[in-house]
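Overview (structure and organization)
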Amino acid sequence: EAISRAKSHPHEVRTRWHSGGYLLHQVCDYSFFKGNAPPVELVNVLIAAYPAATSIPDKYGRTPLHRASFLNSSDSSVETVRALLAAYPGATSFQDNRGR
């Protein structure tokens, strides 16, 4: 359902949240708290709908790559990180507000 919604309402993907991030940030964060990575297909749809979100830090200075890197290692978290890196390799040079 989330994938079809992102495809049919791409403007929602470009809406900034209260955290200063975008839906891509939120998906990576929410999945972290749930203990698993977001579906890679969803991540790819969100990146396609708004590629700039991969390079924009939230109010904590975190890009989606920061948020995804907090995930436990699993096949899908590795695929999520790969998708984010492919979209914006420069994210590896960002430090968040805590210097991480």
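Residues numbered from 1 in each chain as written. Predicted model: local features only at pLDDT ≥ 70, side-chain atom pairs only at ≥ 80, totals over all residues. Heavy atoms only, no water.

**What to know about the overall build of the protein chain**
For clarity, the threshold we go by: Secondary structure elements follow DSSP: runs of H or I of four or more residues count as helices, runs of E of two or more count as strands, with numbering from the N terminus. Burial status follows relative accessibility: with a 1.4 Å probe on protein chains alone, a residue under 20% of its type maximum counts as buried, one over 50% as exposed, and anything between as partly exposed. Any pair of residues with heavy atoms lying within 4.5 Å of one another is described as a contacting pair. Throughout, the Shrake-Rupley method with a 1.4 Å probe supplies accessible areas, and for residues the shown protein chains are the sole cover considered.
Looking only at helices and strands, one finds 6 helices and 0 strands in the protein chain. Going residue by residue from the N terminus, the α and β elements of the protein chain occur as α-α-α-α-α-α. Burial statistics for the protein chain: of 100 residues in total, 40% are counted as buried. For the protein chain, the share of sequence-separated contacts (at least 6 apart) that also reach a separation of at least 24 residues comes to 68%. As presented, the protein chain carries roughly 5600 Å² of accessible surface, and 53% of it is formed by carbon and sulfur atoms.

**A closer look at the nonpolar core**
Taken as a class, soluble globular proteins show a tendency for nonpolar side chains to be buried jointly. What counts here: Put simply, buried Ala, Val, Leu, Ile, Met, Phe, Trp, Tyr and Cys residues joined by side-chain atoms within 4.5 Å make one nonpolar core.
Core analysis: the biggest nonpolar cluster contains 19 residues, and Leu24, Val43, Leu46, Ile47, Tyr50 and Leu84 have the highest contact counts within it. Listed by contribution, the elements that provide at least two residues to this core are α3 (23-34), α4 (40-49), α5 (64-69) and α6 (75-87). Considering each element in turn, this core owes the most residues, 5 residues, to α4. If near-sequence neighbours (up to four positions away) are discounted, Val43 is found in contact with Leu24, Pro38, Thr80, Ala83 and Leu84.

**Notes on the pattern of salt bridges**
The test is simple: A side-chain nitrogen of Lys or Arg and a carboxyl oxygen of Asp or Glu constitute a salt bridge if their distance falls within 4 Å.
Using the criterion set out here, one finds 5 salt bridges in the structure. Between Asp96 and Arg62 there is a salt bridge, with its nearest N and O atoms 3.3 Å apart. Within this pair, whereas Asp96 is found in the segment after α6, its partner Arg62 is found in the loop between α4 and α5, the two being separated by 34 residues in sequence. Like Asp96, the residue Arg62 is buried in the burial classification. Put simply, Asp96 and Arg100 hold a salt bridge, and the shortest N to O gap is 3.2 Å. Assessed through its relative accessible area of 5%, Asp96 is described here as buried. Look at the salt bridges and you will find they share partners, linking Arg62, Asp96 and Arg100 into a network.

**Digging into the packing of aromatic side chains**
Centre distance and the angle of the planes are the two values used to describe a pair of aromatic rings. The condition is simple: Classification of ring pairs uses Phe, Tyr and Trp, with its six-membered ring standing for Trp, and accepts pairs whose centres are within 6.5 Å; under 30 degrees between planes counts as stacked, over 60 as edge-to-face, and the remaining range as tilted.
Summed over all chains, the structure comprises 2 aromatic pairs. For the pair Tyr88 and Phe94, a centre-to-centre distance of 6.2 Å together with 65° between the ring planes defines the contact as edge-to-face. Among the residues examined, Tyr88 registers a relative accessible area of 26% and is labelled partly exposed. The partly exposed category is assigned to Phe94, whose relative accessible area is 25%.

**Some thoughts on the confidence of the model for the protein chain**
Quick reminder of the rule: By definition, pLDDT measures how confident the predictor is in each residue, and it falls between 0 and 100.
Across the protein chain, the average pLDDT comes to 88, with 89% of residues at 70 or higher. When mean pLDDT is compared element by element in the protein chain, α4 scores highest at 94, while α3 scores lowest at 79.

**Points about the environment of Leu65**
Position of Leu65 relative to the elements: it lies in helix α5. A relative accessible area of 12% means that Leu65 is categorised as buried. Sequence spacing of Leu65 and Tyr88 is 23 residues, and the spatial spacing of their C-alpha atoms is 9.1 Å. Once residues lying within four places of it in the same chain are set aside, the contact partners of Leu65 are Val81, Leu84, Leu85, Ala91 and Thr92.

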